[in-house]
Amino acid sequence: MKTILQSVALGAALVTSPFAAQADGHGQDLSYVLVSHAPDSDTWWNTIKNGIALAGEQMGVNVEYRNPPTGDIADMARIIEQAAASSPDGIITTLADFDVLKGPISNAVDQGIDVIIMNTGTPDQAREIGALMYVGQPEYDAGFAAGVRAKGEGVTNFLCVNHAIQQPTVGERCRGYADGLGIELGDAMLDSGTDPAEVKNKVMAFLSANEDVDGILTLGPVSADPTIAALNEMGLAGELHFGTFDLGEEIVKGIKDGTINWGIDQQPFLQAYMPVVILTNWDRYGVLPGNNINSGPGFVTASGLEKVEAFAGEFR
């Protein structure tokens, strides 16, 4: 397992188990492709890569990870088409933009390829395009839960830092958060971009212009890490309520030192690991869970960091 995980960390695209052909006792050599919308620069997805690698080894199947290097959704659509053309036994894919991706995914289903939607998208969208199921965190529901919690913790006016404005489903986190607070979203969702210096400067400018903001929500390490830097520079670290989606090294540090109140863990390992297990058992034995699988949201606070720290960047 260690060798496989190391190869994934080095960016290897294909992870193959030497026992794939005989693992089920029937000589089946099963192959699955996971296609994500993530750019190469987003290290959060290393946990996804580790998830499919471990599942591939344990189940004795071939697994492959593909993504658009820059995160371009049109490029992702082409990758899905290419994956379908290679006739794998199944495709696991995110659904970051339903309008752009529904065609290629539906075409794969029409070709007889089993599909599972993971990470982004919704159970309803997965059903509409003919996927077997959805494994992930319903984004609006997670945002709403975050808003309800933040309201109970005193937030009355907020900033939501969105580093992935081009992905409609990610924005649902901000909309859910606003609804959970009982506040109109309005101009509170900041299109921050992904450049750390730009994110930091935009957050500082917004907070300077809106001194009544008492709560911040970031949507992942890409926006959380520069926001932490912005608060430190402004002397506001620990002064504003700060919640974030996802976990990462700087986020964990922020939770520990009191800069961040909590992180929302969608358990990306499960989002990659479970679809491989499910597809394998579906192909081998015809068994399938009767419901979609919600991998999150789960709130991680300073009191629950032990295992997160132990497996950060690998399985958490």
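One structure accompanies this document, and this report is about it.

A closer look at the overall build of the chain
And step 1. A tally of helices and strands in the chain yields twelve helices and 13 strands.
And step 2. The globule rule puts the C-alpha radius of gyration for 316 residues at 20 Å, and the 20 Å found for the chain is close to it.
And step 3. Expressed along its principal axes, the backbone C-alpha trace of the chain runs to roughly 65 × 40 × 35 Å.
And step 4. For the chain, the residues scored as buried account for 53% of the 316 residues in total.

As for a nonpolar patch on the surface
And step 1. Taken together, Y140, F144 and V148 make up a surface patch of nonpolar side chains, about 240 Å² in accessible area.
And step 2. Judged by its relative accessible area of 43%, V148 is partly exposed.

Digging into the state of the cysteines
And step 1. Tallied over the full model, the rule gives one disulfide.
And step 2. Linked covalently through their sulfurs, C160 and C174 form a disulfide whose S-S length is 2.0 Å. Every disulfide takes its handedness from the sign of the S-S torsion; for C160 and C174 that torsion is -70°, giving left-handed. Placement of C160 in strand β7 (residues 158-162) and of C174 in helix α7 (residues 168-181) is noted, with a sequence separation of 14 residues between them.
And step 3. Under the relative-accessibility criterion, C160 is labelled buried at 0%.
And step 4. A relative accessible area of 0% places C174 in the buried class.

So, the pairing of strand β3 (residues 62-66)
And step 1. Burial analysis of β3 places four of its five residues in the buried class, the great majority of the element.
And step 2. Handedness of the crossover joining strand β2 (residues 31-35) and β3 through helix α2 (residues 46-59): right-handed.

A few points about the sheet that holds strand β8 (residues 189-191)
And step 1. In spatial order, the strands read β8-β7-β9-β10-β11-β13; together these six strands make up an open sheet with mixed pairing. Each edge of the open sheet is held by one strand with a lone partner, namely β8 and β13 (298-300). Mean inter-strand twist for the sheet, computed between neighbouring axes without regard to direction, equals 25°.
And step 2. Sheet analysis places strand β9 (residues 215-218) next to strand β10 (residues 241-245), joined by four bridges and oriented parallel. Bridging from a neighbouring strand, G215 pairs with H241 of β10.
And step 3. Strands β7, β8, β9 and β10 of the sheet are contacted by α7, whose axis makes an angle of about 170° with β7.

A few points about the side chain of S223
And step 1. Take S223: it is sitting in helix α9 (residues 221-234).
And step 2. Separated by 3.1 Å, the side chain of S223 and the backbone nitrogen of L219 make a polar contact.
And step 3. The residues contacting S223, other than those within four sequence positions of it, are V161, H163, V199 and T218.

Cut-offs and rules
- Residues numbered from 1 in each chain as written.
- Predicted model: local features only at pLDDT ≥ 70, side-chain atom pairs only at ≥ 80, totals over all residues.
- Heavy atoms only, no water.
- Helix = DSSP H or I, 4+ residues; strand = E, 2+ residues; numbered from the N terminus.
- Rg over C-alpha atoms; globule rule 2.2 N^0.38 Å.
- Buried < 20%, exposed > 50% of the residue type's maximum accessible area, 1.4 Å probe, protein only.
- Patch = residues over 30% accessible without salt bridge, like charges linked within 9 Å, V, L, I, M, F, W, Y side chains within 5 Å.
- Areas by Shrake-Rupley, 256 points an atom, 1.4 Å probe, with all protein chains shown as cover.
- Salt bridge = Lys/Arg side-chain N within 4 Å of Asp/Glu carboxyl O.
- Disulfide = S-S within 2.5 Å.
- Right-handed = clockwise from strand over helix to strand, strands pointing away.
- Pairing = 2+ DSSP bridges.
- Axes fitted to C-alpha atoms, helices over the stretch in contact; angles between N-to-C directions.
- Contact = heavy atoms within 4.5 Å.
- Polar contact = N/O pair within 3.5 Å; in protein donor to acceptor, adjacent residues only side chain to side chain.

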